[in-house]
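Results of the structural survey
Spelled out from the first residue to the last, the chains are:
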Amino acid sequence: MNYIKNKIASATGVVSSLLVNNAYANKYNLPEPADPVVQQIFDLHMMTSLIATIIMVIVTLIVVYSLIVHRKDKGYVPDQNFHKSWFGRWAWLLVPIFVLGVDFAIAKSAHHTLDTIFDEHAEADMTVKITGSQWKWSYEYLDSGVKFTSNLNKDLTPEDEFYLRDVDKPLVLPVNTKVRLLHTTTDVLHDWWVPAIAFKVDAIPGYITETRTEILREGTYRGQCAENCGTGHAFMPIVVKAVSKEKFAEWRDQQVAAAAAAAAEASSDKEWTMEEMMAKGEEAFNKTCAACHQVTGEGVPGVFKALKGSAKATGDVKVHIQTVLNGVAGTAMAAWKDQFNDLEIAAIITYERNAWGNNTGDVVQPKDVAAER
Ligand code: HEC
Ligand SMILES: [Cu+2]
């Protein structure tokens, strides 16, 4: 009995969320809009759902009425001359006119929304370039030069609320600011999709596509890649943290300072020890390279080469450095020179040359990497 009561309650919830425009919090509906264009899309969705619901109710009532009243076993005799009556003649014209009227009512607002979405001259206060790769997102704030990569948070388990929906570094954006989002990818089609704050377009290799957002409320917004981009498609979630303009400026300045400090460290003359490089290298490798080469360095036979015992990872250091800097053309092995500085690449290579029994004893220094760039 309680089960049925609950079912009725949740069905009522769905219907009322369709009928009542501001039942945003309902878990059966689209996410609560936090951007003016998304609000328009949401309103369109509510309007079409309402129209569809009304039509469905009317049609269902007519069908049920006919099933009950027009039964042969009740002696009902079909009207053979319906088409000769006034309604029978004019219905062929009136019904399509009515349907077209409904279509135009929807098309008018839909066209307005599409116009807003494809406005090529839209103003923006700042621009973020978003690059999809198998299987992570990289962000670059073109105004301040801040850039970083956002990876799946692998520490969560299926019991956690945001399992597979959380990242190590979220995209931080200020509220009430017009942000232009530029989309591209380094490999296959991806699609940066955060439904509460922005409409979506495909990210296409070799092209730049564009969307915008103007986040109205502070908070955390989550999304996913919306183009099937390979076996890791489900493991490249998106998290956007919207903060006040002041907090954003503070965060941005911190990032700029941290990047400058890291660059200074990478280009200093310091000779790094094996322990320092192994620790740095292991962290970076597990975060970025293990997706394909695996934490064990054994790769996936036939797909991702093993680094454990590999001739390249134990042979000539220069060739090894070149492979990591420039990738291997025509394979999934990307060029990493733009994503890591010399220190990071030196650490990763030192790790690869000494982990998993690859005991070469080589400690690669940042200047060795700089020489190969
Ligand atoms: C998207 C999957 C992927 C990721 C991520 C990846 N690799 Fe690779 N890597 C490959 C593939 C595929 C090859 C084999 C290329 C070929 O056919 O020569 C390869 C080859 C290599 C080789 C040469 C191995 C050999 O024996 O020829 C090295 C070294 C290497 N990768 C290092 C790295 C490092 C360092 C990282 C992280 C910064 C990394 N890879 C991230 C897919 C990947
Ligand atoms: Cu993707």
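The notes below deal with the structure included here. (Residues numbered from 1 in each chain as written. Chains lettered and ligands numbered in written order. Predicted model: local features only at pLDDT ≥ 70, side-chain atom pairs only at ≥ 80, totals over all residues. Heavy atoms only, no water.)

With that settled, consider the coordination of the copper ion (ligand 2). Coordination of the copper ion (ligand 2) by the protein is provided by H190 (ND1), C225 (SG), C229 (SG) and M236 (SD), with metal-donor distances spanning 2.0 to 2.6 Å. Of note is the copper ion (ligand 2), whose four donor atoms meet at the metal with angles of 94 to 126° in an arrangement that counts as tetrahedral. For the copper ion (ligand 2), the single-chain donor residues occur in sequence as H-x34-C-x3-C-x6-M. There is no split in this pair, since C229 and M236 are both buried. (Donors = N, O, S within 2.8 Å, 3.2 Å for Na, K, Ca; no water. Tetrahedral: all angles 85-135°; square planar, octahedral: opposite > 155°, others 65-115°. Buried < 20%, exposed > 50% of the residue type's maximum accessible area, 1.4 Å probe, protein only.)

With that out of the way, let us pick up the coordination of the iron atom of ligand 1. For the iron atom of ligand 1, the full set of protein donor atoms is H293 (NE2) and M333 (SD), at a range of 2.0 to 2.2 Å. Bound by six donor atoms, the iron atom of ligand 1 shows angles of 87 to 179° at the metal and therefore octahedral coordination geometry. Note that H293 is positioned in helix α5 (residues 274-293) and M333 in the loop between α7 (317-326) and α8 (342-354), a separation of 40 residues in sequence. Its relative accessible area of 14% is what places H293 among the buried residues. (Helix = DSSP H or I, 4+ residues; strand = E, 2+ residues; numbered from the N terminus.)

Listed as buried for α7 are H320, I321, T323, V324 and L325. For α7, the elements touching its buried residues are α6 (311-314), α8 and α9 (366-372). N-cap assignment for α7: the residue whose side-chain oxygen lies 3.1 Å from the backbone N of K318 is D316. (Contact = heavy atoms within 4.5 Å. Polar contact = N/O pair within 3.5 Å; in protein donor to acceptor, adjacent residues only side chain to side chain.)

The strand order across the open sheet formed by four strands is β4-β9-β8-β6, and the pairing between neighbours is mixed. Two strands bound the open sheet, and with one partner strand each, they are β4 (171-174) and β6 (192-193). Relative to strand β9 (residues 238-243), strand β8 (residues 219-225) runs antiparallel, the two sharing five bridges. Paired with Y221 across the bridge in β9 is V240. Set on the sheet, helix α4 (residues 245-267) makes contact with β4 and β9; between it and β4 the angle comes to about 135°. (Pairing = 2+ DSSP bridges. Axes fitted to C-alpha atoms, helices over the stretch in contact; angles between N-to-C directions.)

Interaxial distance between helix α2 (residues 36-69) and helix α3 (residues 86-117) falls to 10 Å at its minimum, and their mutual angle equals 165°. Taken together, the axes of α2 and α3 lie roughly antiparallel to each other. Crossing hand, α2 versus α3: left-handed. Across the interface between the two elements, V37, Q40, I41, L44, M47, T48 and I51 from α2 touch V102, A105, I106, S109, A110, H112, T113, T116 and I117 from α3. Split into classes, the residues belonging to the contact of α2 with α3 amount to ten nonpolar, six polar and no charged. (Parallel < 35°, antiparallel > 145°, perpendicular 65-115°, else oblique. Left-handed = near helix turned anticlockwise from the far one by under 90°. Nonpolar A, V, L, I, M, F, W, Y, C, P; charged D, E, K, R; others polar.)

Inspection of the region around ligand 1 gives 21 residues, with C289, C292, H293, M333 and E352 positioned closest. At 2.8 Å from a nitrogen atom of ligand 1 is found a side-chain nitrogen or oxygen belonging to H293. Mapped onto the shell around ligand 1, the elements with two or more residues apiece are α5, α7 and α8. A per-class count over the shell around ligand 1 returns twelve nonpolar, six polar and three charged. (Near = heavy atom within 4 Å.)

We now examine the packing of α5 against α8. In the contact formed by α5 and α8, the axes pass within 7 Å of each other and the chain directions differ by 95°. On the basis of the axis angle, α5 is roughly perpendicular to α8. For the pair α5 and α8, contact is made by M274, M277, M278, K280, G281, E282, A284, F285 and C289 and by L343, A346, A347, I348, T350, Y351, E352 and N354, respectively. Of the residues belonging to the contact of α5 with α8, the class tally is eleven nonpolar, three polar and three charged.

Quick look at the layout of surface pockets now. Considering only enclosed or pocket space, the second largest pocket measures out at about 250 Å³ in volume. As for the second largest pocket, its lining consists of L30, P31, V38, I41, F42, I117, W193, P195, A196, A198, F199 and K200. Counting residues per element, the lining of the second largest pocket draws most heavily on α2, which supplies three residues. Of the residues contributing to the lining of the second largest pocket, the split by class is eleven nonpolar, no polar and one charged. Residues lining the lining of the second largest pocket come from more than one domain, with at least three contributed by each of domain 1 (2-69 + 83-117) and domain 2 (126-260). (1 Å grid on protein atoms, 1.4 Å probe; cavity = no way out; pocket = protein on both sides within 12 Å on 5 of 7 lines; lining within 4 Å. Points joined across faces, edges and corners; volume = space filled by probe spheres on them. Domains from an automatic or database assignment.)

Note: strands within a sheet are paired through backbone hydrogen bonds, in either parallel or antiparallel orientation. Strands sit in the order β3-β2-β1-β5-β7 across an open sheet of five strands; the sheet is mixed. For this open sheet the edge positions go to β3 (147-150) and β7 (209-213), each flanked by a neighbour on one side alone. The mean inter-strand angle of the sheet, taken between neighbouring strand axes irrespective of direction, is 25°. When strand β1 (residues 126-133) meets strand β2 (residues 136-141), the two strands line up antiparallel, connected through six bridges. Looking at β2, one finds that G132 is bridged to W137.

In short, shape yes, function no, at least from these values alone.
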